[in-house]
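What follows is each chain in one-letter form.
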Amino acid sequence: KVLFYFSGHGSPVLGNDKRTIRDGLLVPYEASLDNLNDRTAISLAYLRREIGKLPNRDVVCIIDACFSGSGKSVSGMKLIKPRVDTDLLASNKLFISAAAADRPAEEYTPGQQGAFTYFFLKGLMGDGDHNRDGWVDTLEAYRYACEKLDALGLEQNPQMSKKTAIRVTRRSEEHTS
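Parameters at a glance
- Residues numbered from 1 in each chain as written.
- Predicted model: local features only at pLDDT ≥ 70, side-chain atom pairs only at ≥ 80, totals over all residues.
- Heavy atoms only, no water.
- Helix = DSSP H or I, 4+ residues; strand = E, 2+ residues; numbered from the N terminus.
- Buried < 20%, exposed > 50% of the residue type's maximum accessible area, 1.4 Å probe, protein only.
- Pairing = 2+ DSSP bridges.
- Core = buried A, V, L, I, M, F, W, Y, C linked by side-chain atoms within 4.5 Å.
- Expected span 1.5 Å × (residues − 1).
- Contact = heavy atoms within 4.5 Å.
- Polar contact = N/O pair within 3.5 Å; in protein donor to acceptor, adjacent residues only side chain to side chain.
- Phe/Tyr/Trp six-rings, centres within 6.5 Å; stacked < 30°, edge-to-face > 60°.

Trainee: So what's going on with the environment of glutamate 147? Residues and values would help.
Mentor: Structurally, glutamate 147 can be placed in helix α3 (residues 138–151). Sequence separation between glutamate 147 and phenylalanine 119 is 28 residues; the distance between their C-alpha atoms is 9.1 Å.

Trainee: A description of the pairing of strand β5 (residues 59–64) should follow, citing residues and the corresponding values.
Mentor: Each regular strand displays side chains that alternate between the two surfaces of the sheet. Within β5, 6 of the 6 residues are buried, which leaves it mostly tucked inside the rest of the structure. The two faces of β5 match: Val59, Cys61 and Ile63 on one face and Val60, Ile62 and Asp64 on the other face are all buried. Judged from the 6 bridges that link them, strand β1 (residues 2–7) and β5 form a sheet pairing that is parallel. Within β5, the residue paired with phenylalanine 4 across the bridge is cysteine 61. The sheet contact formed by β5 and strand β7 (residues 94–97) spans 4 bridges and is parallel.

Trainee: Quick one: what's the story with the nonpolar core, residue by residue and with numbers?
Mentor: In terms of nonpolar packing, the biggest core is built from 21 residues, with Ile96, Phe116, Phe120 and Tyr142 touching the most fellow members. At 7 residues, the largest contribution of residues to this core is made by α3.

Trainee: A description of α3 should follow, citing residues and the corresponding values.
Mentor: Structural remark: α-helix, 3.6 residues per turn; residues separated by three or four positions point the same way. Compared with the 20 Å implied by 1.5 Å per residue over 14 residues, the 20 Å span of α3 between its first and last C-alpha is a close match. Listed as buried for α3 are Thr138, Leu139, Glu140, Ala141, Tyr142, Tyr144, Ala145, Cys146 and Leu149. Those residues of α3 hidden inside the fold are in contact with β5, β7, α2 (115–127), β10 (135–137), β11 (159–160) and β12 (167–170). The N-cap residue of α3 is aspartate 137: its side-chain oxygen and the backbone nitrogen of leucine 139 are 3.0 Å apart. Of the residues one or two after α3, glycine 153 is the one with positive phi, at around 75°.

Trainee: Describe the packing of aromatic side chains, with residues and values.
Mentor: All told, the structure shown has 5 aromatic pairs when counted by the stated rule. Measuring from ring centre to ring centre gives 4.8 Å for tyrosine 108 and tyrosine 118, while their planes differ by 45°; the resulting arrangement is tilted. Here tyrosine 108 is found in strand β8 (residues 107–108), whereas its partner tyrosine 118 is found in helix α2, with 10 residues between them in sequence. We classify tyrosine 118 as partly exposed; its relative accessible area is 22%. Put simply, the rings of Tyr108, Tyr118 and Phe119 pair up and form one aromatic cluster.

Below is the structure:
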């Protein structure tokens, strides 16, 4: 299994019409925002292409960043009802995004991290084992995180490129009773 995880800033890459988000950039917190390039940021298109080349069957790519121009985005631009290229996460591998491309990815103070990451990890640690089989898979952890975000009124609208259940963690004994 291969698990790629990124938490940081995102920045939208707009299409020619200047309103369509056609790609996104993953930008580490410490990157210089004045000089974004292929050495300081990773495009989602590049990441999809490179992850797609992996021969591994079970590949999970989790991204906790937003590309909307708000939240964890670093673009500083205010987008008005952006149209999103629906293939932003399209891949033959599993991509999970903390927020839809037009939604902010919120920080969560109790966990001192992204809200989606906080609840996705709690799901993986056992709280997300809905079928009680002792394992938590990507679909269970994703659904758990979405339920918790909804309960808090955080309308991030997390995305999953395909509804795939890849076993990731085995529940600890304290969660199996």
